[in-house]
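# Remarks on the overall topology
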Amino acid sequence: VRPSAASEVASMFSVECSRLRFLIVDDNNHMRRIIRALLHGFGVREAYEAEDGAAGLEAFTSYSPDIVI
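Residues numbered from 1 in each chain as written. Predicted model: local features only at pLDDT ≥ 70, side-chain atom pairs only at ≥ 80, totals over all residues. Heavy atoms only, no water.

Before going further, it helps to examine the nonpolar core. By size, the foremost hydrophobic cluster in this structure holds seven residues: Cys-17, Phe-22, Ile-24, Ile-35, Leu-39, Val-44 and Ala-47. Elements supplying a minimum of two residues to this core: strand E1 (21-25) and helix H2 (29-41). The contacts of Leu-39, once residues within four sequence positions are left out, are Phe-22, Ile-24, Val-44, Ala-47 and Ile-69. (Core = buried A, V, L, I, M, F, W, Y, C linked by side-chain atoms within 4.5 Å. Buried < 20%, exposed > 50% of the residue type's maximum accessible area, 1.4 Å probe, protein only. Helix = DSSP H or I, 4+ residues; strand = E, 2+ residues; numbered from the N terminus. Contact = heavy atoms within 4.5 Å.)

Quick look at the structure:
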């Protein structure tokens, strides 16, 4: 049985999510919580939140995230 294309791609790229810092910027608190829960499911340990662009820019300079969502 041939593995699916998704599993082939996943096996090609191994990312240690626990070492990455994420910044979630969204004005909807519920969406921020959903995204945070998904990230924690992937093993993310550091996920910061901001409720708008101005707070996101301030958080970006404070936390130096690797990835901004």
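Following the structure, the description resumes.
With that settled, the discussion passes to the confidence of the model for the protein. Looking at the protein, the pLDDT average stands at 88 and 80% of residues meet or exceed 70. Per-element confidence in the protein is highest for E1, whose mean pLDDT is 98, and lowest for helix H1 (residues 5-12), whose mean pLDDT is 60. (pLDDT = per-residue confidence, 0-100.)

Take the pairing of E1 next. Inspection of the sheet shows E1 paired to strand E2 (residues 46-50) by five bridges, in the parallel sense. Along E2, the bridge assignment pairs Val-25 with Ala-50. Strand direction decides the pairing type here: E1 and strand E3 (residues 67-68), joined by two bridges, are parallel. Across the sheet, residue Phe-22 finds its bridge partner in E3, namely Ile-67. (Pairing = 2+ DSSP bridges.)

A few words on the side chain of Ser-18. Relative to the helices and strands, Ser-18 resides in the loop between H1 and E1. For Ser-18, a relative accessible area of 18% puts it in the buried group. Here Glu-16 takes part through its side chain, which lies 2.8 Å from a polar atom of the side chain of Ser-18. (Polar contact = N/O pair within 3.5 Å; in protein donor to acceptor, adjacent residues only side chain to side chain.)

This next bit is on H2. The end-to-end C-alpha distance of H2 is 18 Å, a good match for the 18 Å that 13 residues give at a rise of 1.5 Å each. Next to the buried residues of H2 lie E1 and E2. Taking the backbone nitrogen of His-30 as reference, a side-chain oxygen 2.9 Å away marks Asn-28 as the first, capping residue of H2. Immediately downstream of H2, the backbone of Gly-43 shows phi near 95 degrees, a positive value. (Expected span 1.5 Å × (residues − 1).)

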